[in-house]
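Residues per chain are reported as follows:
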Amino acid sequence: MKICMIGTGYVGLVTGACFSEMGNDVICIDENTEKIEMLKKGIVPIYEPGLKEIIERNVQGGRLNFTTNLAEGVVKCQICFIAVGTPQDKDGSADLKYVLQVARQIGTLMESYKIIVDKSTVPVGTAEKVREAVKDELSKRNLDNLEFDVVSNPEFLKEGNAIQDFMRPERVIVGTDNVRTGALFKELYDPFVTTTNNPVLIMDIKSAELTKYASNAFLATKVSFMNELSILCDKVGADISQVREGMGTDSRIGPRFLLAGPGYGGSCFPKDVVALIHTAGSLGQSLEICKATHRANEKQKAYFAEKIINYYVEQKADLSKVVIAIWGLTFKPKTDDIREAPALDVIARLLEKGIQVRVFDPIGMDNARAELGDSVFYAKDNYEVLEGAHGLAVVTEWNLFKSPDFERMKELMSKPVVFDGRNILNATDIKSKGFTYFGIGRGNDC
Ligand SMILES: NC(=O)c1ccc[n+]([C@@H]2O[C@H](COP(=O)([O-])OP(=O)(O)OC[C@H]3O[C@@H](n4cnc5c(N)ncnc54)[C@H](O)[C@@H]3O)[C@@H](O)[C@H]2O)c1
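As the structure is a computational prediction, the values presented were derived from the model and not from experiment. (Residues numbered from 1 in each chain as written. Predicted model: local features only at pLDDT ≥ 70, side-chain atom pairs only at ≥ 80, totals over all residues. Heavy atoms only, no water.)

## As for the domain arrangement of the protein chain
When cut into domains, the protein chain gives domain 1 (2-203) and domain 2 (238-438). Summarising the inter-unit geometry, the C-alpha centres of domain 1 and domain 2 are found 34 Å apart. For the pair domain 1 and domain 2, the summed buried area comes to about 1400 Å², and 51% of that belongs to carbon and sulfur atoms. In terms of surface lost to domain 2, no three residues of domain 1 exceed Tyr10, Tyr47 and Glu159, which account for 40% of the buried area on that side. (Domains from an automatic or database assignment. Buried area = accessible area lost by both parts, 1.4 Å probe.)

## Focus on the environment of Ala368
Along the chain, Ala368 falls in helix 14 (residues 365-372). With 10 residues separating them in the primary sequence, Ala368 and Tyr378 have C-alpha atoms 9.3 Å apart. Ignoring any residue separated from it by four or fewer positions in sequence, one finds Ala368 in contact with Leu329, Ile338, Gly373 and Tyr378. (Helix = DSSP H or I, 4+ residues; strand = E, 2+ residues; numbered from the N terminus. Contact = heavy atoms within 4.5 Å.)

## Quick look at the packing of helix 9 (residues 205-236) against helix 10 (residues 240-248)
Contact pair helix 9 / helix 10: the axes reach a minimum separation of 9 Å and the direction vectors enclose 130°. On the basis of their axis angle, the class for helix 9 and helix 10 is oblique. Classified by chirality, the crossing of helix 10 by helix 9 is right-handed. Counting all contacts with helix 9, which are made through Phe225, Met226, Leu229, Ser230 and Cys233, the residues of helix 10 involved are Ile240, Val243, Arg244 and Met247. Residues of the contact of helix 9 with helix 10, tallied by class, amount to 7 nonpolar, 1 polar and 1 charged. (Axes fitted to C-alpha atoms, helices over the stretch in contact; angles between N-to-C directions. Parallel < 35°, antiparallel > 145°, perpendicular 65-115°, else oblique. Left-handed = near helix turned anticlockwise from the far one by under 90°. Nonpolar A, V, L, I, M, F, W, Y, C, P; charged D, E, K, R; others polar.)

## As for helix 5 (residues 97-109)
With 13 residues, helix 5 extends 18 Å from end C-alpha to end C-alpha; this agrees with the ideal 18 Å at 1.5 Å per step. Along helix 5, the residues that are buried comprise Val99, Val102, Ala103, Ile106 and Gly107. The buried side chains of helix 5 occupy one side of the element, clustering within an arc of 145° when seen end-on. Contacts from the buried residues of helix 5 go to strand 1 (2-6), helix 4 (70-76), strand 4 (79-82), strand 5 (114-118) and helix 6 (126-140). (Expected span 1.5 Å × (residues − 1). Buried < 20%, exposed > 50% of the residue type's maximum accessible area, 1.4 Å probe, protein only. Arc of directions from axis to C-beta.)

## Let's talk about the pairing of strand 13 (residues 417-420)
Neither face of strand 13 is exposed, since Val417 and Phe419 on one face and Val418 and Asp420 on the opposite face are all buried. Two strands pair when backbone bridges link them, and strand 12 (residues 391-394) and strand 13 are joined in this way by 3 bridges, in the parallel orientation. Each bridged residue has a counterpart across the sheet, and for Val394 the counterpart in strand 13 is Asp420. Read from strand 12 through helix 15 (residues 406-412) to strand 13, the crossover connection turns out right-handed. With 3 bridges joining them, strand 13 and strand 14 (residues 436-438) adopt parallel strand pairing. Looking at the pairing, Val417 lines up with Thr436 of strand 14. (Pairing = 2+ DSSP bridges. Right-handed = clockwise from strand over helix to strand, strands pointing away.)

## Brief notes about the packing of aromatic side chains
Counted according to the given criterion, the structure contains 19 aromatic pairs. Centre to centre, the rings of Phe185 and Tyr189 are 6.4 Å apart; their planes meet at 40°, and the pair counts as tilted. With Phe185 and Tyr189 both in helix 8 (residues 179-193) and 4 residues apart, the pair spans about one turn of that helix. Between Tyr264 and Phe269 the ring centres are 5.9 Å apart and the planes differ by 80°, which places this aromatic pair in the edge-to-face class. Exposure remark for Tyr264: the relative accessible area of 6% places this residue in the buried category. For Phe269, a relative accessible area of 14% puts it in the buried group. By way of ring pairs, the aromatic residues Phe19, Phe81, Phe166, Phe185, Tyr189 and Phe192 are connected into one cluster. Directly above the aromatic system of Phe156 lies the positively charged group of Lys212, at a separation of 4.8 Å from the ring centroid. A cation over a ring is seen here: Arg369 above Tyr378, with NZ or CZ 4.5 Å from the ring centre. (Phe/Tyr/Trp six-rings, centres within 6.5 Å; stacked < 30°, edge-to-face > 60°. Lys NZ or Arg CZ within 6 Å of the ring centre and 35° of its normal.)

Here it is, written out as structure tokens:
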């Protein structure tokens, strides 16, 4: 099939590359000239394991092309995916300006039947808005009779595991009101599910749109639930890791998404939870659980930073002389994405108290630099960052941080104190090596 992918970011680039891997002809379009120029030179602008190889193979095979020219894609392809950003607007709603801008552009360019697909995460009712925007532009061109379909096909890939998620999805959601389009989408996604027998679920458009938000809000709720319990664990002296194991072995609960940490971040959960609350609110419904999920997350982000700050306050330290090393800046491992990363929040709170911050991340340093400027010291590795530090805060659970050389750490640090925001270090082990250790929900309130 001939596909154009409008928006070549974390979702659009992976989606476009994976469709081409299955033999489709794909044109990836972005308005960001620098991004497209890099891709044309074979440079992948984001870090996603396995993506570069797929891009190289399919560019060489002539199935994957990059351009800033929207007309080229729209004219050549019958299926136009919209995969642009839907950031949080000031009132909490999803800002649809990029999606609707693209819809209008398609309406000004299309000359024949098109299937326009919302791949971006968009609230219920957006397909209708897209349809209106396209119709409006067609009408201006006296092309009222030109047919097109709008499909909702939300994406569930996880950054860091995006290729695996896209190539072998647990399910594909397709919202359409046209039986033929549904059949075409089954055909498009069939190669991705044949080995697993996982379903391509064809449903009505609104249900598809809502499924994406419902899934993200539910996962965020699991995280917030455990985060709240982790604070209780600290107070009562219980260990959240053991509680998780005990809970997770119940097949009705399951072990995944039960890890306590410094709050969820990233480009999806925070904005999607808030957008869902907004959608319901605009219809007079208050989503109490989602609101609590969001509040608990805000509290958790502050909790980890306060744990660090309180320790030095209790030690009667002059905060302006305290140096904290940070391990991990991205919102999770195996990505360079720092959007809404908990580390940024923690760092901001430490800096606000006058604490000096040194940072290291295996992949996210460039993105972090663009965000943090010269407010922190950027170290070249996970040991240099420890030089002279009075404490280490582990914020992202990169594998690299899981079995460090404790003796070397002790030599480099001014004080052997570790705040493990992801509970990745063995508490007994690290304490036996002479470190003062604080996890999240490991029974040490401070
Ligand atoms: N990142 C994820 O893990 C993930 C997962 C599932 C769903 N989503 C959703 O997918 C959507 C895209 O997310 P992302 O992380 O890929 O965003 P992104 O910011 O990485 O990419 C969006 C791209 O769209 C481009 N763009 C914006 N307006 C354009 C226009 N008019 N024409 C052409 N290109 C344009 C931008 O330059 C950018 O490169 C969002 O709605 C997001 O919520 C993201």
